[in-house]
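# Results of the structural survey
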Amino acid sequence: MINFLVTHNHRYTMDVFLPAIDPGVAAEIRVIPYDALRRAAPPPGQYLFADLERLGARGLQRATRIAWRARQRFGGAPVNDPERSLRRFELLRKLWNDGRNRFNAYRPADGESPGRYPVFVRHEKHHDGALTGLLADRDALDVALADLQRSGHSLGGLLVVEYLDASDEAGVFWKYGAFRIGEAIIPRHVFRGRSWVLKDPDLRDDATAAAEEAFLEQNPHEARLREIFDLACIQYGRIDYAVVDGTIQVWEINTNPVLVKLNPNPTRSRNRALFLARAEAAFRDLLNAQ
């Protein structure tokens, strides 16, 4: 049994995925909100800690206690150990310090100033993308941060991120997504568009479809992605990234990503089926490794 821990309002990722895979595998994945184990004893099985980036300091402490109690009772290492896994800011700063990413991130509440502009502001915990457009200088950043605070955002929950132009020679932006499930690195999608913020593909053309099919078939970045997941101490999640001058530039690792959508695009049904088969096999491997 895999105990898949999530924040209370975000179990939908597995609620859509589990009915789409083999019932025998799905029955061995128990989705549990963190709050349900606040006082209850951890049930037996392997533990997978999802949604780590959404946890505040108190929630992370609770997850760490759950992991410790589960290890004492049942042994084994958890998937996404909450004590070791890097969350969004820590990962971006680590990748910058190691020379892997060409852009840095800052916590404005810590009084840090960006090393270069333009920048944009986003939530440190949430997955709603940029909260601002591109900000050209310190004055524009100060105005944007003040506006966000007036609208109810806490300064302590914000990140300032240096902008990196990841467009190709035609001005098209490419965004890749790949999963890690246990030891498996599984390519998921390629988005192409004219906007620097890509939550979905803006361009739904033959070139995009061909690029995604090649990506799924060849898994060209597997070894480099595994290195980054290992660096982050994350064994479950989706990495979102671009490739700039042949180097992987990581935007984030989401530890409770949407695996499949409830109403999938019918033109991508083959890719969806391929991903589902690979994801199911990876979860089966996790269960067999217990």
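That block above? That's the structure.
Residues numbered from 1 in each chain as written. Predicted model: local features only at pLDDT ≥ 70, side-chain atom pairs only at ≥ 80, totals over all residues. Heavy atoms only, no water.

### A short note on the overall build of the protein chain
Here is the rule we go by: The secondary structure listing takes helices from DSSP runs of H or I that are at least 4 residues long and strands from runs of E that are at least 2 residues long, numbered from the N terminus. Radius of gyration means the value over C-alpha atoms here, while the globule rule gives 2.2 Å times the residue count to the 0.38 power. Residue exposure (1.4 Å probe, protein chains only): buried if accessible area is under 20% of the type maximum, exposed if over 50%, otherwise partly exposed. Contacts are assigned to residue pairs with any non-hydrogen atoms lying within 4.5 Å of each other.
The number of helices and strands found in the protein chain is eight helices and 10 strands. Compactness check: the protein chain gives a C-alpha radius of gyration of 19 Å against a globular reference of 19 Å for 290 residues, within 12% of the reference. If one aligns the C-alpha atoms of the protein chain with their principal axes, the spans along those axes are about 55 × 45 × 35 Å. Out of the 290 residues in the protein chain, the part that is buried amounts to 50%. Across the protein chain, the fraction of contacts at a sequence separation of at least 24, relative to all contacts at a separation of at least 6, is 66%.

### What about the packing of aromatic side chains?
Quick note on the threshold: A pair of Phe, Tyr and Trp rings is counted when the ring centres sit within 6.5 Å of each other, with Trp represented by its six-membered ring. The angle between the planes then sorts it: under 30 degrees is stacked, over 60 is edge-to-face, the rest tilted.
All chains considered together, the criterion is met by 12 aromatic pairs. Members of the aromatic cluster, joined through ring pairs, are Phe4, Phe17, Tyr236 and Phe283.

### What to know about the sheet that holds strand β10 (residues 247-254)
The following threshold applies: In this description, strands pair whenever DSSP reports at least two bridges between them. Whenever a helix is involved, its axis is fitted only over the stretch in contact; in every case the axis is a line through C-alpha atoms, and angles between N-to-C directions fall within 0 to 180 degrees.
The strand order β8-β7-β9-β10 describes an open sheet built from four strands, whose pairing is antiparallel. Two strands in the sheet have a free side with no partner beyond their single neighbour: β8 (184-193) and β10. Each adjacent strand pair in this sheet contributes to an overall mean axis angle of 25 degrees, direction not counted. Bridge count for strand β7 (residues 173-181) against β8 is nine bridges, and the pairing is antiparallel. Note that in β8 the partner of Phe173 across the bridge is Gly193. Most of the contacts of helix α6 (residues 206-218) go to β8, to which it runs at about 170 degrees, and overall it touches β7, β8 and β9 (236-244).

### A word on the pairing of strand β5 (residues 119-123)
Among the five residues in β5, five count as buried, and that is most of the element. The alternating pattern of β5 places Val119, Val121 and His123 and Phe120 and Arg122 on opposite faces, both of which are buried.

### Here we look at the sheet that holds strand β3 (residues 46-49)
Spatially, the three strands line up as an open sheet ordered β2-β1-β3, and their pairing is parallel. Two strands close off the open sheet at either side, each with one partner strand: β2 (29-33) and β3. Averaged over all pairs of adjacent strands, the angle between their axes in this sheet comes to 25 degrees, without regard to strand direction. Examined bridge by bridge, strand β1 (residues 2-6) and β2 share five bridges and lie parallel to one another. When the sheet's bridge partners are listed, Asn3 is paired in β2 with Arg30. Against the sheet, helix α3 (residues 57-74) engages β1 and β3, with an angle of about 165 degrees to β3.

### So, the pattern of salt bridges
For clarity, the threshold we go by: Criterion for a salt bridge: a side-chain nitrogen of Lys or Arg within 4 Å of a carboxyl oxygen of Asp or Glu.
In this structure the tally under the stated criterion is 23 salt bridges. As a salt-bridge pair, Glu252 and Arg88 come within 2.6 Å of each other at their nearest N and O atoms. You can see Glu252 sitting in strand β10 and its partner Arg88 sitting in helix α4 (residues 88-97), a full 164 residues away along the chain. For the pair formed by Glu252 and Arg88, the shared burial category is buried. We note a salt bridge from Glu222 to Arg226, for which the minimum N-O separation is 3.2 Å. You can see Glu222 and its partner Arg226 sitting in helix α7 (residues 222-232), four residues apart, about one turn around the helix.

### Some thoughts on the packing of α6 against helix α8 (residues 269-288)
Spelled out, the test is: In this scheme, roughly parallel covers angles under 35 degrees and roughly antiparallel covers those over 145, while 65 to 115 is roughly perpendicular and the rest are oblique. Left-handed is the label given to a crossing in which the near helix is rotated counterclockwise from the far helix by less than a right angle, and right-handed is the label when the rotation is clockwise. Side-chain classes are defined by residue name, with Ala, Val, Leu, Ile, Met, Phe, Trp, Tyr, Cys and Pro counting as nonpolar, Asp, Glu, Lys and Arg as charged, and the others, Gly among them, as polar.
It is the contact of α6 with α8, at a shortest axis distance of 11 Å, that shows an interaxial angle of 20 degrees. The pairing of α6 with α8 is recorded here as roughly parallel in orientation. In the packing of α6 onto α8, the handedness of the crossing is left-handed. Between α6 and α8, the residues in contact are Glu212, Glu213, Leu216 and Glu217 and Arg270, Asn271, Leu274 and Arg278, respectively. Along the lines of polarity and charge, the residues of the contact of α6 with α8 split into two nonpolar, one polar and five charged.

### As for α7
Selection rule: The arc in question is traced by the directions running from the helix axis to the C-beta atoms.
Every buried residue belonging to α7 is among Leu225, Ile228, Phe229 and Ala232, and all of these are buried. Seen along its axis, α7 keeps its buried residues to an arc of 100 degrees; they face one direction. Backbone geometry just downstream of α7 places Cys233 in the positive-phi region, at approximately 55 degrees.

### So, the environment of Ala20
Relative to the helices and strands, Ala20 resides in the loop between α1 (12-17) and α2 (23-26). Placed 116 residues apart in sequence, Ala20 and Ala136 show a C-alpha to C-alpha distance of 45 Å. In contact with Ala20, not counting residues within four places along its chain, are Arg272 and Leu276.

### Remarks on unusual backbone geometry
Residue Pro118 is reached from Tyr117 by a cis peptide bond, and omega for that bond is 5 degrees. Within the element layout of this structure, Pro118 appears in the loop between β4 (105-106) and β5. Phi at Asn219 takes a positive value of approximately 45 degrees, unusual for a residue other than glycine. One can find Asn219 in the loop between α6 and α7. On the accessibility criterion, Asn219 (15% relative accessible area) is buried. The residue Asp245 is not glycine, and still its phi comes out positive at about 55 degrees. Residue position: Asp245 is located in the loop between β9 and β10.

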